[in-house]
Amino acid sequence: MITTPYFITERLHLRQILTSDVSFIGELISHDEVRRFLGGPVPTVQREAAISDYLSFAEGKLVWLVETREVRHPLGLISISRHTDGEDYELSYQLHPDAWGFGYATEAAMCVIEFALNDLQLKRLIAETQSANTASRRLLERLGMKELRRLQRFGAEQVIYTR
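Quick look at the structure, then. Values in this document were obtained by computation on a predicted structure and should not be read as measured data.

Across all of its chains, the model carries 10 salt bridges by this definition. Linking D53 and K61 is a salt bridge whose minimum nitrogen-to-oxygen distance equals 3.3 Å. For D53, a relative accessible area of 44% corresponds to the partly exposed category. Here K61 falls in the buried class, since its relative accessible area comes to 15%. In this structure, E67 and R72 form a salt bridge, with 3.8 Å as the shortest nitrogen-oxygen distance. Judged by relative accessible area, which is 3%, E67 ranks as buried. One salt-bridge network, held together by shared partners, links R15, D21, E67 and R72.

Within the secondary structure, T162 is located in strand β8 (residues 156-162). Take T162: its relative accessible area is 16%, and that puts it in the buried class.

Let us look at the pairing of strand β3 (residues 62-68). Burial within β3 is extensive, with 7 of its 7 residues counted as buried. Inspection of the sheet shows strand β2 (residues 12-16) paired to β3 by 5 bridges, in the antiparallel sense. Across the sheet, residue L12 finds its bridge partner in β3, namely T68. Bridge analysis of β3 against strand β4 (residues 74-82) gives 6 bridges, and the strand direction is antiparallel. Directly across from L62, in β4, lies its bridge partner I80. In textbook terms, the turn of a hairpin is the stretch between consecutive antiparallel strands, and for β3 and β4 this stretch comprises 5 residues, one of which, R72, has a positive phi near 55°.

About the thresholds
- Throughout, residues of each chain are indexed from 1 in the direction in which the sequence is written.
- Under the rules for a predicted model, residues below a pLDDT of 70 receive no local features and side-chain atom pairs below 80 are neither given nor counted, while totals for whole chains, interfaces and linings still include all residues.
- Side-chain measures here rest on the full set of heavy atoms in the structure, leaving out hydrogens and waters.
- Basic side-chain nitrogens of Lys or Arg form a salt bridge, by our definition, when they fall within 4 Å of a carboxyl oxygen of Asp or Glu.
- Throughout, exposure labels follow a simple rule: accessible area from a 1.4 Å probe, protein chains only, divided by the maximum for the residue type, with under 20% read as buried, over 50% as exposed, and the rest as partly exposed.
- Every helix listed is a DSSP run of H or I at least four residues long, and every strand listed is a run of E at least two residues long, numbered separately from the N terminus.
- Any two strands with at least two DSSP bridges between them are considered paired.

Next comes the structure, spelled out in structure tokens:
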């Protein structure tokens, strides 16, 4: 992959994560509501390693901090990385509940999807979410993603979407 590019949308700024973002990331990944369908809050003993993973520049992984364009208030994270199937790249996102319901996730994800398909020239991009996560499923459908298959993983039914 390449260095994480920055993007400016109508209301958002998507940029590479900085060490100054560690506190926000720690809050985000330990938040009950944010992590409800992502395996639960990251335990304190694993938090430092999880944050380091977001800060790493691993091959095949791009991570952006999503923040408001004008005042640069952090809202969440969005990424493209190798899916567990080893073949596809996956779109992932997690936004703070204070940012829910304003269309920020749609705006950020659309930007990243266009980048993945047009600039990176990926044949397809997938996303995986629990079937119980109706808000995320609606978001993926708004983004033009279609259900590909369902499977049991992580103790719950998962839905794989593709675009």
